[in-house]
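The primary structure of each chain is shown beneath.
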Amino acid sequence: MTKRNQRQVVDDRWAKKANQGRVVNEKHADKEVKPPVQAKNAIQKEFLSAMKEYDVVAFIAPAGCGKSFLTMSEVTDWLKKGFYNKIVLSRAVIPMGRSLGMLPSTLQQKFEPYLMPLLEVIWNRYGKGFYENCLHDGTIELLAPEYSRGRSISDVMVIDEAQSLHPSELYTMITRMQEGSKLFLLGDTAQSDIRGENGLQWLEKFVKDNPELSMHIKIIKADSDHIVRGGLCKAMASTMRPVCARRMLASPSTRRSTSPKNRPISCCSKRAF
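On a predicted model such as this, the values are computed, not experimentally measured, just so you know.

Trainee: Let's hear about helix α8 (residues 199-209): which residues, and what values?
Mentor: Because an α-helix packs 3.6 residues into every turn, residues spaced three or four apart end up facing the same way. Looking only at α8, the buried set comprises G199, L200, W202, L203 and V207. One side of α8 carries all its buried residues, which in axial view fall inside an arc of 155°. Elements that come into contact with the buried residues of α8 comprise β1 (56-60), α7 (167-174), β5 (182-187) and β6 (217-221). Where α8 begins, the capping side chain belongs to N198, and its oxygen is found 3.1 Å from the backbone nitrogen of L200.

Trainee: For the pairing of β5, give the residues involved together with the corresponding values.
Mentor: Of all the six residues making up β5, six are buried; the element is thus mostly covered by neighbouring parts of the structure. Relative to β5, β1 runs parallel, the two sharing five bridges. Each residue of the ladder has a partner; that of V57, found in β5, is F184. Direction of pairing for strand β4 (residues 156-160) relative to β5: parallel, over a ladder of four bridges. When the bridges of β5 are listed, V158 appears paired with F184. Once the chain exits β4 it traverses α7 before rejoining the sheet at β5, and the crossover so formed is right-handed.

Trainee: Let's hear about the sheet that holds β4: which residues, and what values?
Mentor: Pairing between the strands of a sheet comes from backbone hydrogen bonds, and it takes one of two forms, parallel or antiparallel. Taken together, six strands build an open sheet; the order of strands is β3-β2-β4-β5-β1-β6 and the sheet is parallel. Looking at strand neighbours, the two that pair on one side only are β3 (140-142) and β6, the edges of this open sheet. Taken over all neighbouring pairs, the strand axes of this sheet differ in orientation by 15° on average, direction set aside. In this fold helix α2 (residues 42-53) packs onto β1, β5 and β6, with an angle of close to 170° to the strand it touches most, β6. Against the sheet, α8 makes contact with β1, β5 and β6, and its axis sits at roughly 120° relative to β6, the strand it touches most.

Trainee: Describe the packing of aromatic side chains, listing the residues and the values that go with them.
Mentor: In total, this model carries seven aromatic pairs according to the counting rule given. Here the aromatic rings of W78 and F184 are separated by 6.1 Å at their centres, their planes lie at 50°, and the arrangement is tilted. Taken together, the residues W78 in helix α3 (residues 67-81) and F184 in strand β5 connect sequence positions 106 residues apart. For W78, a relative accessible area of 7% gives the class buried. On the accessibility criterion, F184 (0% relative accessible area) is buried. Here a set of aromatic residues connected by ring pairs shows up, and it is made of W78, Y84 and F184. Sitting over the face of the ring of W123, K128 holds its NZ or CZ atom 4.4 Å from the ring centroid.

Trainee: Got a sec to walk through the nonpolar core? Specific residues and values, please.
Mentor: In terms of nonpolar packing, the biggest core is built from 43 residues, with V75, L89, I122, I140, L142 and V158 touching the most fellow members. Of all the elements, helix α5 (residues 116-126) adds the most residues to this core, at six residues. Every residue in contact with I140, bar those within four places of it in the chain, is listed here: L79, I87, L89, I122, Y131, C134 and L135.

Trainee: Can you break down α3 residue by residue, with the values?
Mentor: When the terminal C-alpha atoms of α3 are compared, their 21 Å separation across 15 residues agrees well with the 21 Å that a helix rising 1.5 Å per residue should span. Positive backbone phi, at 85°, marks G82, one or two positions downstream of α3.

Trainee: Could you give an account of the packing of α5 against helix α6 (residues 128-137), naming the residues involved and the relevant values?
Mentor: Running from amino to carboxyl end, α5 crosses α6 at an angle of 120°, the nearest separation of the two axes being 7 Å. Between α5 and α6, the crossing angle belongs to the class labelled oblique. Contact with α5, carried on its side by L119, I122, W123 and Y126, involves K128, F130 and Y131 of α6 and no other residues of that element. Per-class residue counts for the contact of α5 with α6 are six nonpolar, no polar and one charged.

Trainee: Please set out the environment of P117 residue by residue, giving values where relevant.
Mentor: Within the fold, P117 resides in helix α5. Between the alpha carbons of P117 and S68 there is a distance of 6.7 Å; along the sequence they are 49 residues apart. Sequence-distant contacts of P117, defined by excluding residues within four places in its chain, comprise S68 and D160.

Trainee: I'd like a rundown of the pairing of β1, residues and numbers included.
Mentor: Of all five residues that make up β1, five are buried, and the element is covered over most of its length. Burial along β1 is two-sided: V56, A58 and I60 and V57 and F59, pointing in opposite directions, are all buried. Looking at chain direction, β1 and β6 are connected through five bridges and run parallel. Bridged to V56 within β6 is I217.

Rules and cut-offs
- Residues numbered from 1 in each chain as written.
- Predicted model: local features only at pLDDT ≥ 70, side-chain atom pairs only at ≥ 80, totals over all residues.
- Heavy atoms only, no water.
- Buried < 20%, exposed > 50% of the residue type's maximum accessible area, 1.4 Å probe, protein only.
- Helix = DSSP H or I, 4+ residues; strand = E, 2+ residues; numbered from the N terminus.
- Arc of directions from axis to C-beta.
- Contact = heavy atoms within 4.5 Å.
- Polar contact = N/O pair within 3.5 Å; in protein donor to acceptor, adjacent residues only side chain to side chain.
- Pairing = 2+ DSSP bridges.
- Right-handed = clockwise from strand over helix to strand, strands pointing away.
- Axes fitted to C-alpha atoms, helices over the stretch in contact; angles between N-to-C directions.
- Phe/Tyr/Trp six-rings, centres within 6.5 Å; stacked < 30°, edge-to-face > 60°.
- Lys NZ or Arg CZ within 6 Å of the ring centre and 35° of its normal.
- Core = buried A, V, L, I, M, F, W, Y, C linked by side-chain atoms within 4.5 Å.
- Expected span 1.5 Å × (residues − 1).
- Parallel < 35°, antiparallel > 145°, perpendicular 65-115°, else oblique.
- Nonpolar A, V, L, I, M, F, W, Y, C, P; charged D, E, K, R; others polar.

Keep in mind these values describe shape, not function.
Structure, rendered in structure tokens:
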């Protein structure tokens with residue numbers, strides 16, 4: 001009998017895994033759809049209604065207003081009911097403050113920590129097994145913005161922390177959407193991690209200057225009065241928000257630079273940016 005080559009056995013095993021992809025136990029394939037989420041205040045009710053009516057909905061609100069919970073609960077229910085075939089999740093790959101540096105392993109494993117607020121809603125609602133199944137069959141995709149150019153999205157896309165996208169980046173993401181698809185933008189303009197005008201601020205002004213876009217795009221804004229997470233979160237946000245607003249007005253970094261280096265690269269007219 002020929003002695004097995006240990007290295008060859010290991011290589012064959014990895015090759016088999018690469019060809020087979022992720023295999024999730026069938027017991028996790030849950031068909032049950034949870035009861036729909038209920039709005040806790042008027043702004044949440046407006047958002048849930050807009051999700052069904054508009055092509056693009058931007059929910060601009062401080063922490064604790066239910067942006068991630070409402071959005072992911074609703075779109076995951078749509079996926080399970082067969083209303084849409086796929087959910088694409090994205091986020092600006094910009095850390096808050098200092099970074100841990102490069103993370104090892106696959107793109108998915110690098111990107112998942114950034115999307116944890118969205119993924120935790122899926123896990124809590126339908127379990128990690130459902131999420132693993134969706135990744136395996138492609139009905140949930142994690143898409144970094146830098147890999148989106150040239151793509152066409154025909155189902156649902158959710159972009160978290162959209163305030164950390166530059167205007168030209170958000171323009172690119174919006175123009176990925178096909179007829180019948182939906183795009184949900186979540187963020188808080190007071191917590192932007194970029195200098196200058198961010199994507200949500202630009203979009204709000206752009207829709208206001210071009211009223212014909214209001215047929216497709218809905219901007220919903222909430223404040224600390226609409227926080228439902230808890231008393232501490234509401235008290236902190238209510239106290240800190242005026243401070244953040246004064247800092248943004250006082251800081252020279254918030255003024256849009258006109259230098260070619262900071263000018264957005266896009267096929268849009270100058271009026272857009």
